[in-house]
Amino acid sequence: ALRGFSRTSDTDSISAQSWPVWSCAAVPDPCGTFVESRWWDMRPGVAEERCFIIAGRATLEIGGEQDVVIEAGDWVIFKAGFSCTWHVEVDISKHYEYFDVTGKQWTSSE
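Summary of the structure given here. (Residues numbered from 1 in each chain as written. Predicted model: local features only at pLDDT ≥ 70, side-chain atom pairs only at ≥ 80, totals over all residues. Heavy atoms only, no water.)

Concerning the pairing of strand β4 (residues 48–61)
The line we're drawing: Only when DSSP finds a minimum of two bridges between them are two strands counted as paired. Runs of E in the DSSP output that reach at least two residues are strands. Runs of H or I that reach at least four are helices, and both are numbered from the N terminus.
Examined bridge by bridge, β4 and strand β6 (residues 75–79) share five bridges and lie antiparallel to one another. Counted as the bridge partner of E48 is K79 from β6. Relative to strand β7 (residues 85–99), β4 runs antiparallel, the two sharing twelve bridges. Across the sheet, A58 pairs through a bridge with V88, a residue of β7. Sheet topology note: the β4/strand β5 (residues 68–71) ladder contains four bridges and is antiparallel. Residue pairing in the sheet places R57 in a bridge with E71 of β5. Remark: six residues form the turn of the hairpin made by β4 and β5, two consecutive strands paired antiparallel; G64 in that turn has positive phi of roughly 75°.

Set out below in structure tokens:
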């Protein structure tokens, strides 16, 4: 398994439907290649981002590891500290939400 990244067999896409949606255009759009943000820096207490890919396809280039392809229908978990470069091959969209170390949905303390 790759450190900081995993796929899950969780198929509860119904619960994910209420989560926010993030989308990105594919290459050759300049937005289609980017380095994963440090989202955990802006969200104290967040341990992971859980995602359900609802459309598209991307290759994640992970330094020193084998590239990983994610596509529509995949559940993906990004752990805080994970780093990769996204190469979006087909316009991609995902439902996503943040969770703390206990597995509870993260909420801002502000």
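Notes on the nonpolar core
To keep it simple, the criterion reads: By nonpolar core we mean a set of buried residues, namely Ala, Val, Leu, Ile, Met, Phe, Trp, Tyr and Cys, connected to one another through side-chain atoms within 4.5 Å. Partly exposed describes any residue whose relative accessible area lies between the buried limit of under 20% and the exposed limit of over 50%, with all areas from a 1.4 Å probe on protein chains only and scaled to the type maximum.
Ranked by internal contacts, the top residues of the largest apolar core, which has 22 residues, are L60, I70, F78, W86, V88 and I92. Contributions of two or more residues to this core are made by β4, β5, β6 and β7. The dominant element in this core, judged by the number of residues it contributes, is β7, at five residues. Counting residues in hydrophobic clusters, the runner-up holds five residues, among them A16, W19, F52 and F99.

Concerning the packing of aromatic side chains
Let me state the cut-off plainly: Any Phe, Tyr or Trp ring, taking Trp's six-membered ring, that has another such ring centre within 6.5 Å forms a pair; planes under 30 degrees apart are called stacked, those over 60 apart edge-to-face, and the others tilted. Two thresholds decide whether a charge sits over a ring: the Lys NZ or Arg CZ must be within 6 Å of the ring centre and within 35 degrees of the ring normal.
This structure, assessed with the given rule, holds eleven aromatic pairs. Judged by centre distance (5.4 Å) and plane angle (15°), the rings of F34 and W86 are stacked. Taken together, the residues span a long stretch of sequence, with F34 in strand β3 (residues 33–35) and W86 in strand β7 at a distance of 52 residues. Exposure remark for F34: the relative accessible area of 22% places this residue in the partly exposed category. With a relative accessible area of 1%, W86 lands in the buried category. An aromatic cluster is present here, built from W22, F34, F78, F82 and W86 joined pairwise through their rings. The positively charged end of R50 is found above the aromatic ring belonging to F99, 3.8 Å away from the centroid.

Some words on the pattern of salt bridges
The criterion, for reference: Criterion for a salt bridge: a side-chain nitrogen of Lys or Arg within 4 Å of a carboxyl oxygen of Asp or Glu.
Applying the stated criterion across every chain, the model contains six salt bridges. The salt bridge partner of E48 is R50, with a shortest N-O separation of 2.6 Å. Here E48 falls in the buried class, since its relative accessible area comes to 8%. A residue is classified by how much of its surface remains accessible, and R50, at 24% relative accessible area, is partly exposed. Between R57 and E71 there is a salt bridge; the shortest N-O distance is 3.2 Å.

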